Amino acid sequence: MALDERRRYMGHRVAYSLLDVGEQPSAEQIRVFEDICFTLRLASGTFRTSFRNRFADVNAAVDGVLASRFEADTALSIQDRAVSHALTSAEWAGDLFRRFPQAHFEASDLLLHLVQLTEPDGGIYIAEPDGTILQAVREPFVVSVHHPEGRRFPLHRLVALRERRRIEKRNLPSGWADKDSQANLNTKTISLVHPEARALAASDSRFVVRKRSVFDIEAASCDVLRTMNILNWGYFSEEQLSSGVSAAWHSVRPGGVWVVGRTMEDDFRNNASLLRRNEDGWELLTRVGDGSELEALALAWSPGT
Ligand SMILES: C[S@@+](CC[C@H](N)C(=O)[O-])C[C@H]1O[C@@H](n2cnc3c(N)ncnc32)[C@H](O)[C@@H]1O
């Protein structure tokens, strides 16, 4: 089996410290970075899954809609939210900037980095910025600390239990993983932004990567909003999804477009809906595949809801 086929099963067996690829990564380091992100699961239960060329059909559909609605010299404001490592944002931005040279592109996610804590005995913990430890690395083991190890791996379950106890005894101060923590620990930040997205942000001021929630409302701040593989029934309650629909409507300018959808896990097909913001809610412009699972909720929603 090729590595690409196996990667969804390798997941947390790979040390997340390998995500720290620096500014000039080799092709192999980039491949490892992408592989780890493919299966990385956050404490919230959401996955970081994203991959190269994932949205060619979605981008083509959006292109068609934008070409018919906006002049090439429009200073389009585009927001791509919950982007994981933002590689798909960088790919899309490259295409958009050729068509709309004055566009501005913001890629955002709730989580842009992890924190690595190296203990005096050489053990390593990888945590989210709020201090939740996801993984322990103590040779020869790499174990999941937050999410339980599978029953098929009794030895790893035992090691994970031992690590959890060790962490408990360690009694780390709250806020230890903050950037400005005074805890005096051996920590470093590991960027979760793909090197190619980081390079684009460094070389082109039209492209920025920032922290932002998909539920943020920044009133009428963009012409195009994309939220792919986040506003799913599997992740959120109906009430939360309605808040997502509302946040999207308030953030998109009148007449602007919201791209919402999901990639199927079995065959990587994209099902997305392109919606237009009207005064009284959303209107369907077109679909990719079967459309978004959120479409009915979005179309039934109105600003007074
Ligand atoms: C499955 S990935 C989707 C990545 C990308 N949109 C794609 O489809 O390739 C889901 C992402 O949502 C992010 N996320 C989870 N909750 C979020 C929230 N409330 N606001 C913004 N991003 C969130 C996670 O950090 C993760 O990177």
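Residues numbered from 1 in each chain as written. Predicted model: local features only at pLDDT ≥ 70, side-chain atom pairs only at ≥ 80, totals over all residues.

(A) Representation of the overall build of the protein chain within the structure. Secondary structure summary: the protein chain contains 8 helices and 12 strands in total. Relative to its length of 305 residues, the protein chain is compact, with a C-alpha radius of gyration of 21 Å against a globular reference of 19 Å. Referenced to the eigenvectors of the C-alpha coordinate spread, the extents of the protein chain come out at roughly 60 × 45 × 40 Å. Taken over 305 residues, the protein chain has a buried fraction of 34%. A fraction of 60% describes how many contacts in the protein chain between residues 6 or more apart in sequence connect residues 24 or more apart. (Helix = DSSP H or I, 4+ residues; strand = E, 2+ residues; numbered from the N terminus. Rg over C-alpha atoms; globule rule 2.2 N^0.38 Å. Buried ≥ 20, exposed ≤ 12 C-beta atoms within 10 Å, placed from the backbone. Contact = placed C-beta atoms within 7 Å.)

(B) Spatial organisation of the site of the ligand. Taken together, 22 residues lie near the ligand, and S50, A82, S84, V214 and N229 sit nearest. Here the residues of the shell around the ligand are counted per class, giving 10 nonpolar, 8 polar and 4 charged. (Near = placed C-beta within 6 Å. Nonpolar A, V, L, I, M, F, W, Y, C, P; charged D, E, K, R; others polar.)

(C) Main features of the nonpolar core. Counting 70 residues, the largest nonpolar core has A86, A127, A197, W258, V259 and V260 as its most contacted members. With near-sequence residues (within four places) excluded, V260 lies in contact with T227, L231, A272, S273, L275, S292, L294 and A298. (Core = buried A, V, L, I, M, F, W, Y, C linked by C-beta atoms within 7 Å.)

(D) Local environment of the domain arrangement of the protein chain. Taken domain by domain, the protein chain consists of domain 1 (3-40 + 113-191) and domain 2 (56-111 + 193-300). Centre-to-centre separation of domain 1 and domain 2, based on C-alpha positions: 30 Å. Residue-level contacts link 7 residues of domain 1 with 7 residues of domain 2. Here the side of domain 1 that touches domain 2 is composed, by residue class, of 5 nonpolar, 1 polar and 1 charged. (Domains from an automatic or database assignment.)

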